[in-house]
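Secondary and tertiary structure notes
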Amino acid sequence: MKLLTLNTHSWLENHQDEKIDQIVTQIIKGDYDIIALQEVNQLIENDSVVNDQYYCPGNDEIAIKDDNFAYIIVQRLHAQGYDYYFSYAMSHIGYDKYEEGSAILSKRPIKPYAEFVSMDQSPDNYKSRKILFGETEVNGVAVVVASCHFSWWINEHEGFSYEWMNTKRILERYQQPIIVMGDFNNPEGTEGYNFVLQNCDLQDTYVIADVKHGHHTIEKNIAGWEDNDGKLRIDFIFVSPEFEVTSSKTVFDDVNGPIVSDHYGVEVEIKS
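This section reports on the structure supplied with the text. (Residues numbered from 1 in each chain as written. Predicted model: local features only at pLDDT ≥ 70, side-chain atom pairs only at ≥ 80, totals over all residues. Heavy atoms only, no water.)

A look at the pairing of strand E12 (residues 244-251)
Pairing between strand E10 (residues 211-213) and E12: three bridges, direction parallel. When the bridges of E12 are listed, His 213 appears paired with Lys 249. (Pairing = 2+ DSSP bridges. Helix = DSSP H or I, 4+ residues; strand = E, 2+ residues; numbered from the N terminus.)

This is the structure in structure tokens:
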């Protein structure tokens, strides 16, 4: 089972159309079963709503527009003969003009569910965080996937910790094996990262992978990390204990694929 997560920084990159094609090329090359995308944007002012047979709607009633970044990726994959189902949930307004959210792509249909996990739940507040969950299957194995974009650490009661405990509460409703992917905004080894491990039985796939390539997923002062001057691993794939992790590697890092975002992607291969 091959997984990919990427914070896409969509519609904010130079040469964006070229980078979309590079993402599509890597998806085809990687032959991923499930993909989690964050910072998936579409313009607020765009009135061109689409109806796509591969879109799996859930309780989040956001309309999919023809500039939705995940929709465009799925369309370009279709054009090359690769079919992916997708779901989308909006968290908040980004840069005063985008509906910003997260997406899940899967080779099999998705049963999605989205819920705010943050204290703030107004789309006008960038602190509002909605997590997208999706039930799908890979080679007949049913799984639950979460595509996540969390806030930063404040303390054990606010910010990331509050969001993680709500995410955990929702995950506990499911009986299937769990895969949690995304931008955690809490680097490896920090209070937030340790809080995750202390408050669930999920495994950090990088740590337990048989084979590792790459490590960090950001390396400069990007939005939200303006004071950063180091190399940080803040994008993760966590899985429940029934999975074995064959390999973990960074992609879109100028070694395994060109840079397409202010984050590197993470590719993991697992088996149950």
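Resuming the write-up.
Focus: the side chain of Asp 52
Summarising the element assignment, Asp 52 is placed in the loop between strand E2 (34-43) and helix H2 (69-79). Of the side chains with opposite charge, Arg 76 comes closest to the buried, unpaired Asp 52, at an N-O distance of 13 Å. At a separation of 2.6 Å, a polar atom in the side chain of Asp 52 contacts the side chain of Gln 75. Each residue touching Asp 52, except ones within four places of it in the same chain, is listed here: Tyr 71, Gln 75, His 78 and Phe 86. (Buried < 20%, exposed > 50% of the residue type's maximum accessible area, 1.4 Å probe, protein only. Lys, Arg positive; Asp, Glu negative; His and termini not counted. Salt bridge = Lys/Arg side-chain N within 4 Å of Asp/Glu carboxyl O. Polar contact = N/O pair within 3.5 Å; in protein donor to acceptor, adjacent residues only side chain to side chain. Contact = heavy atoms within 4.5 Å.)

Thoughts on the packing of helix H3 (residues 160-171) against helix H4 (residues 191-198)
Orientation of H3 relative to H4, taken along the N-to-C sense of each, is 25°, at an axis distance of 10 Å. As far as their axial angle goes, H4 and H3 are roughly parallel. The two elements H3 and H4 meet at a crossing, and its hand is right-handed. From H3, Phe 160, Ser 161, Trp 164 and Met 165 reach across to H4, where they touch Gly 192, Phe 195 and Val 196. Here the contact of H3 with H4 is composed, by residue class, of five nonpolar, two polar and no charged. (Axes fitted to C-alpha atoms, helices over the stretch in contact; angles between N-to-C directions. Parallel < 35°, antiparallel > 145°, perpendicular 65-115°, else oblique. Left-handed = near helix turned anticlockwise from the far one by under 90°. Nonpolar A, V, L, I, M, F, W, Y, C, P; charged D, E, K, R; others polar.)

Some words on unusual backbone geometry
One non-glycine residue, Trp 11, lies in positive phi territory at about 60°. Here Trp 11 is to be found in the loop between strand E1 (2-7) and helix H1 (16-30). Overall, the relative accessible area of 26% leaves Trp 11 in the partly exposed class.

Comments concerning the nonpolar core
Within the largest apolar cluster, 30 residues are counted, with the highest numbers of intra-cluster contacts made by Ile 27, Leu 37, Ile 73 and Leu 105. Looking at this core, the elements with two or more residues in it are E1, H1, E2, H2, strand E3 (85-94) and strand E4 (98-106). The element that contributes the greatest number of residues to this core is H2, accounting for seven residues. Once residues lying within four places of it in the same chain are set aside, the contact partners of Leu 37 are Leu 6, Thr 8, Ala 70, Ile 73, Ser 102, Ala 103, Leu 105 and Ser 147. (Core = buried A, V, L, I, M, F, W, Y, C linked by side-chain atoms within 4.5 Å.)

What about the side chain of Glu 163?
Structurally, the position occupied by Glu 163 is in helix H3. For Glu 163, which is buried and forms no salt bridge, the nearest opposite charge comes from Arg 129, at a distance of 4.9 Å. Apart from the residues lying within four places of it in its own chain, the contact partners of Glu 163 are Val 117, Ser 118, Lys 127, Arg 129, Phe 150 and Ser 151.

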